[in-house]
Amino acid sequence: MVNTDKAVEVINQYIDIPGGLLECLHGIQSVFGFVPKETIDDIADGFNISRAEVHGVISYYHDFKTSPRGKKVVRICQAEACQSMGSRDLTRRVEEILGVKIDETRVDGAVSLETVYCFGNCALSPNVEIDGKLHARVTSDNFEKLVKGEEA
Ligand code: FES
């Protein structure tokens, strides 16, 4: 059950700030770990915009999540430089290892696998982030060690 009072507190911090909607959404995501659908009406009312506009902003920015993330979050870059260095094949292998498809969370909630479009570390492609820590030149062979917390 989502405590919408907490969401309203966050919304009220940003409604008078120009461009406050993005800050508000980040704030809500930091409180709940994602942007719960139960908060959409309050966000729309607070910023005097339609629910569709709120949904539009959330879906436009890849960083906003609309469902709880897994305990472990693995993010794989799919932008050009990483793709040219094998990120697509790496992603298929990571899906097998983790037992979850890209941009999904495993049913047991243990892990989310997410797409990122460039970490800004293109020279060391392909790049994978595991629980906030960026790993460069990741291969299928060393990914398994990395995800277990061992250095590869
Ligand atoms: S393309 Fe992957 S880090 Fe830039």
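Everything below is about the structure printed above this text.
Residues numbered from 1 in each chain as written. Predicted model: local features only at pLDDT ≥ 70, side-chain atom pairs only at ≥ 80, totals over all residues. Heavy atoms only, no water.

Thoughts on the overall build of the chain
Step number 1: In terms of regular secondary structure, the chain is built from 7 helices and 5 strands.
Step number 2: With the principal axes as the frame, the chain shows a C-alpha extent of 50 × 30 × 25 Å.
Step number 3: Long-range contacts, defined here as pairs at least 24 residues apart, represent 55% of the contacts in the chain between residues at least 6 apart.
Step number 4: Carbon together with sulfur atoms contributes 49% to the accessible area of the chain, which is approximately 8800 Å² in total. (Helix = DSSP H or I, 4+ residues; strand = E, 2+ residues; numbered from the N terminus. Contact = heavy atoms within 4.5 Å. Areas by Shrake-Rupley, 256 points an atom, 1.4 Å probe, with all protein chains shown as cover.)

So, the sheet that holds strand S2 (residues 104-105)
Step number 1: Taken together, the 5 strands give an open sheet; going across it, the order is S2-S3-S1-S4-S5, and neighbouring strands pair in mixed fashion. Whereas interior strands pair on both sides, the edge strands pair on one side only; in this sheet they are S2 and strand S5 (133-135).
Step number 2: Inspection of the sheet shows S2 paired to strand S3 (residues 111-116) by 2 bridges, in the antiparallel sense. Bridge assignment links Thr105 to a residue of S3, and that residue is Ser112.
Step number 3: Relative to the sheet, helix H7 (residues 140-147) contacts strand S1 (72-77), strand S4 (128-130) and S5, its axis offset from that of S4 by approximately 15 degrees. (Pairing = 2+ DSSP bridges. Axes fitted to C-alpha atoms, helices over the stretch in contact; angles between N-to-C directions.)

Here we look at the pairing of S1
Step number 1: Burial analysis of S1 places 5 of its 6 residues in the buried class, the great majority of the element.
Step number 2: Here S1 runs beside S3; their pairing, made up of 6 bridges, is parallel. What sits directly across from Val74, in S3, is Leu113.
Step number 3: Pairing between S1 and S4: 3 bridges, direction antiparallel. Across the sheet, Val74 pairs through a bridge with Ile130, a residue of S4. (Buried < 20%, exposed > 50% of the residue type's maximum accessible area, 1.4 Å probe, protein only.)

Notes on helix H3 (residues 40-47)
Step number 1: Within H3, burial applies to Ile40, Ile43, Ala44 and Phe47. Looking straight down H3, one finds its buried side chains confined to an arc of 95 degrees; they lie on one side.
Step number 2: Where H3 is buried, its residues meet helix H1 (4-14), helix H2 (20-32) and helix H4 (51-60).
Step number 3: One or two steps after H3, the chain reaches Asn48, where phi turns positive at roughly 55 degrees. (Arc of directions from axis to C-beta.)

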